[in-house]
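As a plain string of letters, each chain reads:
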Amino acid sequence: MGRPLLVVENLSAVITTGRGPLTAVDGVSLSLDRGEVLGIVGESGSGKSVLARTIMGLHCSDPRFALSGTVKLDGRDVLGLEPSQLRAMWGPEVGMVFQDPMTALNPVKRVGTHLVEAVRKHQQVTRRDAVGQALDLLDMVGIPDPRRRINQFPHQLSGGMRQRVVIAMALANRPKLLIADEPTTALDVTVQRQILDLLDRLRGELGMAVIMISHDLGVVAGRTDRVAVMYGGEIVETADARSLFDAPRHPYASALLAAIPSLKGAPHQRLAAIDGTPPDLVMPPSGCRFAARCDAVHDDCRVQPPQLIFDGTHGTACHYPVNPLISTASNTSGDT
C-alpha cells in the first residue's frame, strides 16, 4: 500500500481575537488515502471548517492565525508553501466546496465566467476550449440545458444548481483531494440526496479522496469510509463509519447519534438534545472539554484531559468510554 495522500500531524490553529488567543484546532492528527472518503462531524463551532481551511492552506498568510504542526498533501508541506505556490496548488491538487454557494459565487459574474476562470487559471487553453470544458463540467454535475445556464447569473439559479456550479468549479482541474464543507447546508432533503449522490459518483469516476464536513451524522452515514468526530477543536473519536455508527464509544458521539430524529419514535415524542453549550475556546476547561455536558462525568474528567487512545483503528479520547473494548481510564498515552 502506498503512502497516504494526506497526512496531518499535531495541527493547531490559534486565532487572535479581542478576548485573547482562541484555539480553534488543537493538536489534530489524521490521514487520508487516495480515493478514500473521510467524514468530519460535530456541532457548529467544533473547529471543522477551520481545520478544512487550514489543511487547504487558506490561513497560511493570515496574520491573525498562528499555525503549528504539519500538513502534507502528496508529500508536500502545505504550511511551508509560499502564497504563489498555494495558488498553484488550489485546483489541480485540492479543491473545496464551500458552505454557502450564494456567497461562494460572485453575484455580478455569469456562471460561465466562474468556470472559465477556474479552467484557464491552471490550464494553457484558449477561451473557446475553456468554454467547452465549462459546458462539459455543467453537464457532468447534472445541470440541465448547460448552454443556457452558462450565461446566467448565480441569483437566477436555484440553491441546488448553485451548489452544483460550486462543485463544478472545484472539480474543474480534477483535484486529488476534494474538501466538501457542509455541501448540503440550507438545501431541502431531496436536493441534499442529489448532491450527496453526485459527490459519490464523481469521486468514483475521478478517483479523488474526499473530506466531507458536516454537523449532521446522518448526512455522512453510508457516504464515508471513516469518520472523525470533533469537539472543542479536538478529535474525540475516529473509526471506520460502520464501527462508529454501530457502537460509538465517546459520550459526545453517542449523544449526537441519539439526537438524530427517527421515524420509529412515538408521535409527539420530545427529540433528544445535548444540554449546555460547547466550551469557550479562548478559555477552555482544564480537563475533558465535554465534561460540563456529559451525563457520565467523573471527578478526574474535570482535571485530566483524555488522550486519543487507539484500539486497532478505533480511537477514543475518553477516560470512561461508552461500549469500551479497552480501558482508557489508566492509559493516557497513545498513537494519534
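Calculation notes
- Residues numbered from 1 in each chain as written.
- Predicted model: local features only at pLDDT ≥ 70, side-chain atom pairs only at ≥ 80, totals over all residues.
- Heavy atoms only, no water.
- Buried < 20%, exposed > 50% of the residue type's maximum accessible area, 1.4 Å probe, protein only.
- Helix = DSSP H or I, 4+ residues; strand = E, 2+ residues; numbered from the N terminus.
- Pairing = 2+ DSSP bridges.
- Axes fitted to C-alpha atoms, helices over the stretch in contact; angles between N-to-C directions.
- Parallel < 35°, antiparallel > 145°, perpendicular 65-115°, else oblique.
- Left-handed = near helix turned anticlockwise from the far one by under 90°.
- Contact = heavy atoms within 4.5 Å.
- Nonpolar A, V, L, I, M, F, W, Y, C, P; charged D, E, K, R; others polar.

## Description of the pairing of strand β7 (residues 177–181)
Inference 1: The element β7 is largely enclosed, with a buried count of 5 among its 5 residues.
Inference 2: Neither face of β7 is open: one carries Leu 177, Ile 179 and Asp 181, the other Leu 178 and Ala 180, and all of them are buried.
Inference 3: Strand direction decides the pairing type here: strand β6 (residues 94–97) and β7, joined by 4 bridges, are parallel. Its bridge partner lying in β7, Gly 95 is registered against Leu 178.
Inference 4: For β7 and strand β8 (residues 209–214), the ladder comprises 5 bridges, and the chain directions are parallel. Along β8, the bridge assignment pairs Ile 179 with Ile 211.

## Let's talk about the packing of helix α7 (residues 159–171) against helix α8 (residues 189–206)
Each pair of packed helices can be summarised by the angle the axes make with each other and by the distance between the axes.
Inference 1: At a minimum axis separation of 11 Å, α7 and α8 run at an interaxial angle of 15 degrees. When the axes of α7 and α8 are compared, the pair comes out roughly parallel. When you trace α7 past α8, the crossing you get is right-handed. In this structure, α7 uses Gly 160, Gln 163, Arg 164, Ile 167 and Leu 171 to contact α8, whose residues at the interface are Val 191, Gln 194, Ile 195, Leu 198, Leu 199, Leu 202 and Leu 206.
Inference 2: Partitioning the contact of α7 with α8 into residue classes produces 8 nonpolar, 3 polar and 1 charged.

So, to be careful, I would describe these as geometric facts and stop short of saying anything about function.
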